[in-house]
Amino acid sequence: MSESQYLIGIDLGTSNCALAFVERSLGADARVNDFPIPQLHRPAEALSLPVLPSCLYLAGENEFPAGALRLPWGDPDDELIVGELARWRGAQAPGRLVASAKSWLCHPGIDRAAPVLPWGAPAEVKKISPLTATARLLQHLTAAWDHAHPGAPLARQEVIVTVPASFDEAARGLTVEAARQAGFGKFTLLEEPQAAFYDFTARLGASLDEVLRDVRLVLIIDVGGGTSDFTLVQAGAGARGLVLKRIAVGEHLMLGGDNMDAALARALESRLVSGGARLGAGQWQQLVQSARLAKEALLGANPPESWPVAVAAEGSRLVGRTLSGQLSRQETETIVLEGFFPRGGPDARRRGGPRSALQEIGLPFARDPAVTRHLAEFLRAHAAAGFAALGIQSPGLPRPDALLLNGGVFNSPAITGALMAALSDWWPGAPPPPLLRHESLELAVARGAAWYGLARHGLGRKITGGAAHALYVGVGGREAEGETALCVIPRGQEEGEPVEIRDRTFHLALNQPVRFPIYSTTADRLERAGELAPVNEEFRPLPPIHTLLKSAAADRAVPVHLRALLTEIGTLELWCVSDETGQRWRLEFELRGAPAPVEVTATESMPPSFEDARAWIGMIFGGKGVAQSAQHRPGHRPRDARHLWDSLEKTLGSRDNWRAAVLRELWSVLFAGARHRRRSDNHERVFFQLLGFCLRPGFGYALDDWRAEESAKLFAPGVQFIKDKSVWSAFWICWRRLAGGLAPARQAEIWASLKPFLAWRVPPSPAAGIPKTKGIHPEGLEEMVRLAAALEHLDPAEKTVLGDWIVQRIRAGNARGTAWTWALGRLGARVPIYGGAQNTVTPQTAEFWAELLLAPEGAAQESSLFALAQITRLSGDRARDLREPLREAVADALRRAKTPPTWLAMVTEVAALETSDKARALGDTLPVGLSLAGAAPRESAQTPIPQPAR
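Every chain's residues receive numbers from 1 upward, in the order its sequence appears when written. For a predicted model such as this one, the threshold for reporting local features is a pLDDT of at least 70, and the threshold for listing and counting side-chain atom pairs is 80 or more; totals across whole chains, interfaces and linings nevertheless cover every residue. Each side-chain value is worked out from all heavy atoms of the structure, with water and hydrogens disregarded.

Enquirer: Outline the overall build of the chain, supporting the account with residue identities and numerical values.
Expert: Of the regular secondary structure elements, the chain holds 30 helices and 27 strands. For every residue, the accessible area obtained with a 1.4 Å probe (protein chains only) is divided by the maximum for its type, and the residue is called buried under 20%, exposed over 50%, and partly exposed between those limits. Across the 950 residues of the chain, 58% fall into the buried class. What makes two residues a contact is simply this: any of their non-hydrogen atoms within 4.5 Å. Looking at the chain alone, contacts between residues at least 24 apart form 71% of all its contacts between residues at least 6 apart. Areas reported as accessible are Shrake-Rupley estimates using a 1.4 Å probe. Residue values count occlusion only from the protein chains shown. Of the accessible surface of the chain, which amounts to about 37600 Å², a share of 51% is contributed by carbon and sulfur atoms. Strands here mean DSSP runs of E at least two residues long; helices mean DSSP runs of H or I at least four residues long; both are numbered from the N terminus.

Enquirer: Go over the side chain of Thr 840 with me, naming the residues and quoting the values.
Expert: With respect to the element layout, Thr 840 can be found in the loop between helix H24 (819-828) and helix H25 (843-853). Among the polar contacts made by the side chain of Thr 840, one reaches the main-chain carbonyl oxygen of Ala 837 at a distance of 2.9 Å. Nitrogen and oxygen atoms within 3.5 Å of one another constitute a polar contact, given that in protein one can donate a hydrogen and the other can accept it, and given that sequence-neighbouring residues count only through two side-chain atoms.

Enquirer: Can you lay out the packing of aromatic side chains for me, pointing to particular residues and giving the numbers?
Expert: To pair, rings of Phe, Tyr and Trp, with the six-membered ring standing in for Trp, must have centres within 6.5 Å; the planes then decide the type, stacked if under 30 degrees apart, edge-to-face if over 60, and tilted in the middle. The final tally for this structure, using the stated rule, is 32 aromatic pairs. Residues Phe 197 and Phe 200 carry aromatic rings whose centres are separated by 5.8 Å and whose planes lie at 35 degrees to one another, so their mutual orientation is tilted. Of the two residues, Phe 197 and Phe 200 are both situated in helix H5 (residues 192-204); the distance of three residues between them amounts to about one turn of the helix. The pair Phe 197 / Phe 200 is uniform in exposure class, with both members buried.

Enquirer: Please provide a residue-by-residue account of the sheet that holds strand E18 (residues 463-464), values included.
Expert: Hydrogen bonding along the main chain pairs the strands of a sheet, whether they run parallel or antiparallel. When DSSP finds two or more bridges between two strands, those strands count as paired. Strand order across the open sheet formed by five strands is E17-E12-E13-E14-E18, with mixed pairing between neighbours. Strands with a single pairing partner mark the edges of an open sheet, and in this sheet they are strand E17 (402-406) and E18. For every element, the axis is a line fit to its C-alpha atoms; helices are fit only across the contacting stretch, and the angle between N-to-C directions ranges from 0 to 180 degrees. Packing against the sheet, H5 makes contact with strand E12 (217-223), strand E13 (228-238), strand E14 (241-249), E17 and E18, and its axis sits at approximately 120 degrees to E12.

Enquirer: Describe the sheet that holds strand E8 (residues 80-82), naming the residues involved and giving the relevant values.
Expert: Overall, antiparallel pairing links the three strands, which are arranged E8-E7-E9 in an open sheet. The sheet terminates laterally at E8 and strand E9 (97-98), the two strands that pair on one side only. Both strand E7 (residues 56-58) and E9 contribute to a ladder of two bridges, which runs antiparallel. Paired with Tyr 57 across the two strands is Leu 97, which belongs to E9.

Enquirer: So, the packing of helix H22 (residues 781-789) against H24: which residues are in play, and what are the values?
Expert: Running from amino to carboxyl end, H22 crosses H24 at an angle of 10 degrees, the nearest separation of the two axes being 9 Å. Here H24 runs roughly parallel to H22, going by the angle between their axes. Crossing angle aside, the handedness with which H22 passes H24 is left-handed. Listed contacts from H24 to Leu 781, Glu 782, Val 785, Arg 786 and Ala 789 of H22 are Ala 819, Trp 820, Trp 822, Ala 823, Arg 826 and Leu 827. Under the grouping applied here, Gly and all other residues not named as nonpolar or charged are polar, the nonpolar ones being Ala, Val, Leu, Ile, Met, Phe, Trp, Tyr, Cys and Pro and the charged ones Asp, Glu, Lys and Arg. In terms of residue class, the contact of H22 with H24 is made up of eight nonpolar, no polar and three charged. For this classification, under 35 degrees means roughly parallel, over 145 means roughly antiparallel, 65 to 115 means roughly perpendicular, and everything else is oblique. Helix crossings are classified by the rotation of the near helix relative to the far one: an anticlockwise turn of less than a right angle makes the crossing left-handed, while a clockwise turn makes it right-handed.

Enquirer: Tell me about the environment of Leu 232, residues and numbers included.
Expert: For Leu 232, the location among the structural elements is in strand E13. Distance from Leu 232 to Lys 245, taken between C-alpha atoms, is 8.6 Å for residues 13 residues apart in sequence. In contact with Leu 232, other than residues within four places in its own chain, are Leu 217, Val 218, Leu 219, Lys 245, Arg 246, Ile 247, Ala 248, Phe 378, Leu 379 and His 382.

Enquirer: If you had to explain the packing of helix H3 (residues 130-148) against helix H4 (residues 169-181) to someone new, which residues and values would you point to?
Expert: Closest axis-to-axis distance for the H3/H4 pair is 8 Å, and the angle between their directions is 50 degrees. As judged from the angle between their axes, H3 and H4 are oblique. As H3 packs across H4, the resulting crossing turns out to be right-handed. Taking contact as the criterion, the partners of Leu 131, Thr 134, Ala 135, Leu 138 and Gln 139 in H3 are, on H4, Leu 174, Glu 177, Ala 178, Ala 179 and Gln 181. Looking at the contact of H3 with H4, its residues break down into six nonpolar, three polar and one charged.

Dropping the structure here:
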C-alpha cells in the first residue's frame, strides 16, 4: 500500500462512534481535525453531527416513504438505518433497535456471528449478528469519509480503531474481522484509555513535559456506555525528555452508563405498573431510553428537580395511551451516585449478588454495580507496580499523582463529584488526585487515536508498555499438582517482536485435532516467555485454540516448538513449528463463542485394566486379526456382543463409576470399529448403546465437538435391522445422549429426518401439509420425541411446531408416561443446557405450555412439575422470562407438592442448575469427573492436547 494521505482515528464506542483525522503530510505541524459524520437525523433529513450514535434500526417494509432514507452518498442498499435516526426511531419501536453492539461483540456465551440482534425482537424482525452490526457501523463511517474525500478513500488510509483495554483476544479478533468486512485496508487497534491520554498529550504539545514534571503515576478511569476500563501510566524523565509507559490495565468489566439507565428504569417500573407486574421487553427498552434522557438531564449542569418519563401501554400503537411518571433528581442521585459510585474505605471489595439490571437484556454484566469498588480492587491488584512507579513502598493503595477521566458519564458534574468524594476516602489527610483537563469526552478517544497515528511514525510522543495482557497456553498437569500453563506472551511484550519458545518441545499428533487451552492475565506477574506457571485465580480462560495439523506425513507425533507474535494490529498469532521439517501451522482462536465451556485440560492416566477393556471392544467390533488376538487374552472375555457390557463392567467396575477420561478413550476404540456394527442385530444395538454412553452429553470435554462430528456421520445410514425395536431404541437414545455436541447444521439434519414421522404420529391426527413418508417407518416414538426435544440449536419456530403437537396429544389424553412432559419442558426451557439463548421459544408460547401443565390434572405429576420448573425458570433476561403471576402460580404448585428446593429456586431466583437437576433435564446422568458449569476438575481425556517434553 502506498503511503496514506491521512491518519484516521475511529472511536468504535458502545453508545457513540466518532472519527478524527490528521493530515500526514504536515508532519510535526499536523493538528487533529474532527470529522462531522453525515447521517439521517429524521426521515428525509440528513445532518452532519459530531458523533454517530452506535445504533442500528431494522426498518419494517414500507415503514418509511420512498426516498426518506436516502443518504448523501446515495440510496441505502437495504432498510438498515444507522445513527441518530436509528436511535430516535428505536426509542419508539425498540423491538427493531440494535444497540450496544460492542457489548454483544465481547459476549462469550453466544455465537457472535449469529443473527441474534435485536435481542428478544418479534419473529417478523430480520435479525443481524453482533459482528455484522459492528461492521455496519464501520461501513457507515467509511461511506461518509469516502463521500467527503473521493480522492483519498478510507480503504487507502492508515486507520486506528479503538477498543477497550480489557478486550480479550477473541473480542479483538472479532473487531479485526468487522474492520475487514467494512473494507479497511491498513489498520491497527488501540486501547481506549491510551487514546484518551494521547488526546491529552496532543493538546498540550510542547508544554506536556512541564505540566507532568511532578507527575509519576497517572490513573485513567474510562467509564463508557457498556464498559469500565482502568489504566495506570507511569511518567518519568528519560534521555530525550518525558517517557510514558502503560504499566497496568484492568480486567474486562462490563459495567457503564447503560447499567445506570437500567437501574433507574427498574425503579420507575415499580411505579408505572402495579401488582408486581413487569413491562414487556419492548416497553422495557422504551423505559430504559427514557431513563437515559432523564439521567442526563437530572445529573447534568443546572438540573431540574424532576423529569417526565413515559412508555406506550401494552398493545397500544405508537400514538395512544401511555404509562407515565416522574423521576426526581434526589432519587436519581441516590440510585446512580450511591449505587455506582459509593464511598468506602480503601479495603472495599467487590460484592456478589444478583446480576445488575442489564442482565435483563441477555448481557452478562458485572454483578457488583459499584465502579468505585472495582477501581479499589484494580489499584490493590497493581499496588506493587503503582508504588514502584511512585518510587515508594507503602501499605494500602497507591495514590496516583493525577487522574484522567474519560467516557460520557463524566459529562455529569454530579458523577464526577461522587467519584472524587469516594477517592478522598482512600487517602485520608491528602487531597484527591488532581484532574487532568479534557476538552470533549465524546471526541477525545477518536482524536487521541488519530494522534497516535503520528506517534507511530515518530512524530509524537508514544506511550510504551507493550502487551496489556500476558498470554499462556495450558499444557496440562496431574490432578495433585494442578494445571500448568506456558507463558507465550509476557505482559509488556512489544508489538511485532516474535517470540520463539525453543526450550519447551511439544509432541503433537498430525492429522488429528489438537486443542490448546488459552489463558490471559493482567496481574503483575514476572514469567518470561517459555516459563511455566500454575494456573490460579489470576488466570482468565479465553476461547481455546483448536486446529487440525494436516501433513502428508504419517499420523504420528512430531516434535514442535511454539512461535508467538503480538501483531501491529494488536492481536496474537501463535504457530506450531516442526523441529524436523520446518513446517509450521497457524493456530486460530475460536472467536464465535462456544455453546458450552470446556475447562478440563490435563491428562489423566488410564486404569491398569483399560487395555483389557480395549481388547474386549476390539474382539466384538474389530477386524478379524484384532478379534482373534483378543480371544487369547486372559480375563473376562465376552462370549458375543450381548455380553460385552458385562465384560466391560467386570473389567472396569460398575459403568456408573467410569470416569469421563475412560469413557472418551472407549469411544475412540469403539468408533474405530464402526464399520462392523452391522454384523448382527445385537452388534448394532450394543454399538449404539455404548457409543451414546461413552460420549454423553456430547460436550464439556476436550475435543468433544470433533468426536460428536465424527459420530454424526453414522446418523444418515440409519439402522440395518429395521424390524428390531430394541435397535431403534438404542439408535435414538444414542443421538439424544450426544446431541449437545452436534453442530446446528447436524441437528437440523436430524430434525428434518424426524419431522415427517412425528407429524403423523405425535398429534392425535396427522399434521396438515406434511405428506406421509414412504419406505422405512422407524420404531420408538417416545425416544424419537425425546431426541427431537434435545436439539437445542433448532430454530424456535421448529421447536414450537413439535411442542404444539405434544400439547395436542396431552389434551387428547394420549400422553401417558414422562417422555411427553419431559420433552415439553425441554422445548420450552428458559435457560438451555447447552444451546444459545437466542433459540428459546417465545415467552407467549412457553406461557401457553406452562398453563396447560399447570392444570389440576397435570400439576400433580412429578414429571409435569419439573417441566414447569424448566419452562418458568427465571433467567434474568426480560426477553425470555415469563410473567410474574404465572411464575408465582408455578412456585405455589411446587411448594404444595413439596418438590426439591432446587426446583423452587429455579423459578424464584436466577440460579444455576444443581448436578442432579441438570442430569434430569438432560435425561441422563453425567459422567464421573465431568462438570458442565462452575469449577472443573483438574483432569481430562487422553487426547492430543499438547504436553511439553520434560
